[in-house]
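Chain residues, written in single-letter form:
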Amino acid sequence: MERKSGRIRRVKRWQTTLAILPALSASLALAEDFKTVSGRVYKDATISRVEADGIVLRTNTGISKVYFVELPKDVQERFHYGSATPTGKAVTQRIDKAESTNHATPFVSAADRFASFVEKKLDERESILQGKHTPGPAELMVIRELNFHKAFLAGIAIIATVLFAIVWARFK
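In this report, the structure presented in the accompanying data block is examined.

1. Brief notes about the overall build of the chain
For step 1, the next point in the chain: Broken down by element type, the chain carries five helices and four strands.
For step 2, the next point in the chain: Written out in order from the N terminus, the α and β elements of the chain read α-β-β-β-β-α-α-α-α.
For step 3, the next point in the chain: Residues classed as buried in the chain amount to 16% of the 172 residues present.
For step 4, the next point in the chain: When contacts within the chain are restricted to residue pairs at least 6 apart in sequence, long-range pairs at least 24 apart make up 29% of them.
For step 5, the next point in the chain: With the model as given, the accessible surface of the chain reaches about 14,500 Å², and the carbon-plus-sulfur share is 62%.

2. Some words on the pairing of strand β1 (residues 32-35)
For step 1, the next point in the chain: Where β1 meets strand β2 (residues 41-50), three bridges bridge the pair, whose relative direction is antiparallel. Counterpart to Lys35 in the pairing with β2 is Val41.
For step 2, the next point in the chain: Counting the residues that bridge the hairpin from β1 to β2 gives five residues, and of these Gly39 lies at a positive phi of roughly 105 degrees.

3. Section: the pattern of salt bridges
For step 1, the next point in the chain: One pass over the full model with this rule turns up five salt bridges.
For step 2, the next point in the chain: Put simply, Asp33 and Lys43 hold a salt bridge, and the shortest N to O gap is 3.9 Å. Of this pair, Asp33 sits in strand β1 while Lys43 sits in strand β2, and the two are ten residues apart along the sequence.
For step 3, the next point in the chain: Connected through salt bridges with shared partners, the residues Arg49, Glu51, Asp53 and Lys65 form a single ionic network.

4. Examining unusual backbone geometry
For step 1, the next point in the chain: Despite not being glycine, Asp44 shows a phi value in the positive range, around 45 degrees.
For step 2, the next point in the chain: Among the residues examined, Asp44 registers a relative accessible area of 53% and is labelled exposed.

5. Digging into the sheet that holds β2
For step 1, the next point in the chain: A sheet is described by the order of its strands in space; here four strands give the open sequence β1-β2-β3-β4, paired in antiparallel fashion. Looking along the sheet, the strands with just one partner apiece sit at the ends: β1 and β4 (62-67). Each strand of the sheet is rotated relative to its neighbour by a mean of 55 degrees, with strand direction disregarded.
For step 2, the next point in the chain: Inspection of the sheet shows β2 paired to strand β3 (residues 54-59) by four bridges, in the antiparallel sense. What sits directly across from Thr46, in β3, is Arg58.

6. With respect to the packing of aromatic side chains
For step 1, the next point in the chain: Per the stated rule, a full pass over the model turns up two aromatic pairs.
For step 2, the next point in the chain: Ring geometry for Phe148 versus Phe152: centroids 6.3 Å apart, planes at 25 degrees, classification stacked. Within this pair, Phe148 and its partner Phe152 are both found in helix α5 (residues 137-171), separated by four residues, close to a single helical turn.
For step 3, the next point in the chain: The exposure class of Phe152 is partly exposed, given its relative accessible area of 48%.

7. Thoughts on the pairing of β4
For step 1, the next point in the chain: Relative to β4, β3 is paired through six bridges, and the arrangement is antiparallel. Within β4, the position partnered with Leu57 by the bridge is Ser64.
For step 2, the next point in the chain: Linking two consecutive strands that pair antiparallel, namely β3 and β4, is a turn of two residues.

8. Thoughts on the nonpolar core
For step 1, the next point in the chain: Within the largest apolar cluster, ten residues are counted, these being Phe34, Tyr42, Ala45, Ile55, Leu57, Val66, Phe68, Leu71, Val75 and Phe79.
For step 2, the next point in the chain: Elements that contribute at least two residues to this core include exactly β2 and β3.

9. Here we look at helix α4 (residues 110-129)
For step 1, the next point in the chain: Taking 1.5 Å per residue, 20 residues should reach 28 Å; α4 reaches 29 Å between its end C-alpha atoms and fits that length.
For step 2, the next point in the chain: Buried within α4 we find Ala111, Asp112, Ala115, Glu119 and Ser127. For α4, the arc enclosing every buried residue in end-on projection is 140 degrees, short of the 170-degree limit, so these residues lie on one face. Exposed side chains of α4 directed beyond 90 degrees from the buried face belong to Lys120 and Arg125.
For step 3, the next point in the chain: Gly131 lies just past α4 and shows a positive phi near 80 degrees.

Cut-offs used in this document
- Residues numbered from 1 in each chain as written.
- Predicted model: local features only at pLDDT ≥ 70, side-chain atom pairs only at ≥ 80, totals over all residues.
- Heavy atoms only, no water.
- Helix = DSSP H or I, 4+ residues; strand = E, 2+ residues; numbered from the N terminus.
- Buried < 20%, exposed > 50% of the residue type's maximum accessible area, 1.4 Å probe, protein only.
- Contact = heavy atoms within 4.5 Å.
- Areas by Shrake-Rupley, 256 points an atom, 1.4 Å probe, with all protein chains shown as cover.
- Pairing = 2+ DSSP bridges.
- Salt bridge = Lys/Arg side-chain N within 4 Å of Asp/Glu carboxyl O.
- Axes fitted to C-alpha atoms, helices over the stretch in contact; angles between N-to-C directions.
- Phe/Tyr/Trp six-rings, centres within 6.5 Å; stacked < 30°, edge-to-face > 60°.
- Core = buried A, V, L, I, M, F, W, Y, C linked by side-chain atoms within 4.5 Å.
- Expected span 1.5 Å × (residues − 1).
- Arc of directions from axis to C-beta.

Structure representation (structure tokens):
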């Protein structure tokens, strides 16, 4: 009878390599060169994300943010940057209008989503500063916990004061 418990199985590395190869080739296929108006070139860059004021590029030297004003007009148009791109309230109104329609929703760019996200966060912070913030369940739990500890410490202080008064009266 042969014992199998002491043997170590070899991992078939060619299967792992075969699975990783398409992912790497796809990322290389999406990489491209970006050249700014000032002449700086980002070689084999992949777009990490598109923001309201620029794009974030990932290259083999690191991650860089390139503002749209630094990019040529054709790249700006490719990412829908320009005077036609609304910001702030106009973006959220456009998104709300797009969501309220029953027919096909028009394209909402990443810049629009980012602008609405920023506006939502700013409104939330403004309501906190004005005292109009309604706490969520996690905040309510923390507030209750703190109130319990305050009441517990107040009770301990009262009991300690009474005991101190009793002991003081006996030794007088």
